[in-house]
Amino acid sequence: MRGVEPAPAAATAPPPPLDPDSRAWVRGLTLPGGERDVDVARLHAFLLRAARFELARRRTALRDVPAAELDDLAVQAANDALVALMRKLPTFRGDSRFTTWAAKFAILEASVKARRWAWQHREVTLEPEAWTRLAPAVAAADPEEAERLRAIAAAIRECLSPHQREILVAIALNDVPIDVLADRLQTTRGAIYKTLHDARRNLRAHLAREVDP
Amino acid sequence: MNEPPTGDRLLGPEPPELGCDECFEYLDRYVDAELGHELHEFSLCPACVGPEDCSRARRCLGMRAHLEGCPACAEEHASLLALAGRESG
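What counts as what
- Residues numbered from 1 in each chain as written.
- Chains lettered and ligands numbered in written order.
- Predicted model: local features only at pLDDT ≥ 70, side-chain atom pairs only at ≥ 80, totals over all residues.
- Heavy atoms only, no water.
- Helix = DSSP H or I, 4+ residues; strand = E, 2+ residues; numbered from the N terminus.
- Rg over C-alpha atoms; globule rule 2.2 N^0.38 Å.
- Contact = heavy atoms within 4.5 Å.
- Areas by Shrake-Rupley, 256 points an atom, 1.4 Å probe, with all protein chains shown as cover.
- Lys, Arg positive; Asp, Glu negative; His and termini not counted.
- Charge placed at Lys NZ, Arg CZ, Asp CG, Glu CD.
- Core = buried A, V, L, I, M, F, W, Y, C linked by side-chain atoms within 4.5 Å.
- Buried < 20%, exposed > 50% of the residue type's maximum accessible area, 1.4 Å probe, protein only.
- Domains from an automatic or database assignment.
- Buried area = accessible area lost by both parts, 1.4 Å probe.
- Polar contact = N/O pair within 3.5 Å; in protein donor to acceptor, adjacent residues only side chain to side chain.
- Axes fitted to C-alpha atoms, helices over the stretch in contact; angles between N-to-C directions.
- Parallel < 35°, antiparallel > 145°, perpendicular 65-115°, else oblique.
- Left-handed = near helix turned anticlockwise from the far one by under 90°.
- Nonpolar A, V, L, I, M, F, W, Y, C, P; charged D, E, K, R; others polar.

### So, the overall build of chain A
- Helix and strand counts for chain A stand at nine helices and zero strands.
- Against the 2.2 N^0.38 benchmark of 17 Å for 213 residues, chain A shows a C-alpha radius of gyration of 22 Å, more extended than a compact globule.
- Taken along its principal axes, the extent of the C-alpha atoms in chain A is 65 × 50 × 30 Å.
- Considering only contacts in chain A between residues 6 or more positions apart, those separated by 24 or more positions represent 71%.
- With an accessible surface of roughly 11000 Å², chain A has 55% of that area assigned to carbon and sulfur atoms.
- Put simply, chain A has 32 plus and 29 minus side-chain charges, and the middle of one group is 4 Å from the middle of the other.

Take a look at the structure:
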């Protein structure tokens, strides 16, 4: 997906030179054959530390996972992150420190695995009419927010397609993680977010027309 | 992290925003900038959705908007910020 909205042409700078630490990482990881094994092992250890860090942040959601299985999840995340990173290594421009760039791969893999684990036995029901469950939020809100929520509910009914309603309700009301939803619908996280974005844009436009027809 | 009000979650961010793929692509440089580890002068990312505003703010506003609208990317951003901050701390 290229942005959620079409992007105007941006004037971008040429790749800057790498900082010394990043240069050392890239040099070590691009050595031929077995010569890079030490650096690959060092990178894997770093990715594993990042994956464990991410899983530790999610310990509440993962409290039922046995310790050994949790560590296995971290190892799988580090392995997958290493493969993804090595494939992307030629594109590393040095816009950030190498370690920050590398850690994002491990955090993505670990967080996706954690969310999938937490939702593996939970049913994701897609109900386009579930927006009617906004009633408790309306009841709990102050008068101004309640009025806003009633207007949003009317806009959901009038201007969204059933598919847009399903996606909006699943993510914004039922807290279904976007990658879990993408898995269940056999599509990508980017495609789901595009649908969510279009639904929100339609809602805002509809509400603006109501205020200023 | 405090959850935004229901109305805000339904309506999402108003400014132009990046998509999830671009968010992942440029998250590392955004986080290093937040941590004050900018290695270079600010420059627009190739996926910039608001060049004039971002140039003025010297910040990736499309990323900031996306992180307000996408709970999964916001979680990953918070984790990377915490980890990178700890690694450099």
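### Notes on the overall build of chain B
- Tallying secondary structure elements over chain B gives five helices and zero strands in all.
- Traced from its N-terminal end to its C-terminal end, chain B shows the element sequence α-α-α-α-α.
- At 13 Å, chain B has a C-alpha radius of gyration in line with the 12 Å of a compact globule built from 89 residues.
- Its C-alpha atoms give chain B principal-axis dimensions of about 40 × 30 × 20 Å.

### Examining the nonpolar core
- Core analysis: the biggest nonpolar cluster contains 85 residues, and Leu43(A), Leu47(A), Phe98(A) and Met63(B) have the highest contact counts within it.
- At ten residues, helix α4 (residues 98–119) of chain A tops the list of elements feeding residues into this core.
- Once you skip the residues sitting within four places of it in the chain, Phe98(A) turns out to touch Ser22(A), Trp25(A), Val26(A), Leu29(A), Leu43(A), Leu85(A), Leu89(A) and Phe92(A).

### Some details on the domain arrangement of chain A
All names here are of chain A.
- Under the domain assignment, chain A is made up of domain 1 (20–119) and domain 2 (130–211).
- Here domain 1 and domain 2 have C-alpha centroids that lie 34 Å from each other.
- At the junction of the two partners, domain 1 supplies five residues and domain 2 supplies nine residues.
- Note on domain 1 versus domain 2: buried area summed over both sides is about 590 Å², and carbon and sulfur give 53% of it.
- Of all residues in domain 1, Arg115, Arg116 and Trp119 bury the most surface against domain 2, accounting for 87% of the area lost on that side.

### Remarks on the environment of Arg63(A)
- Looking at where Arg63(A) falls in the secondary structure, it is placed in the loop between α2 (37–57) and α3 (67–88).
- Among the polar contacts listed, one links the side chain of Arg63(A) to the backbone oxygen of Thr60(A), at a separation of 2.4 Å.

### Brief notes about the packing of α2(A) against α3(A)
Residues and elements named next belong to chain A.
- In the contact formed by α2 and α3, the axes pass within 8 Å of each other and the chain directions differ by 130 degrees. Classified by the angle between their axes, α2 and α3 sit oblique to one another. Between α2 and α3 the crossing geometry is right-handed. Every residue of α3 that contacts α2 at Val40, Leu43, His44, Leu47, Leu48, Ala51, Arg52 and Leu55 is listed here: Leu70, Asp71, Leu73, Ala74, Val75, Ala77, Ala78, Asn79, Ala81, Leu82, Leu85 and Met86.
- Residues of the contact of α2 with α3, tallied by class, amount to 16 nonpolar, two polar and two charged.

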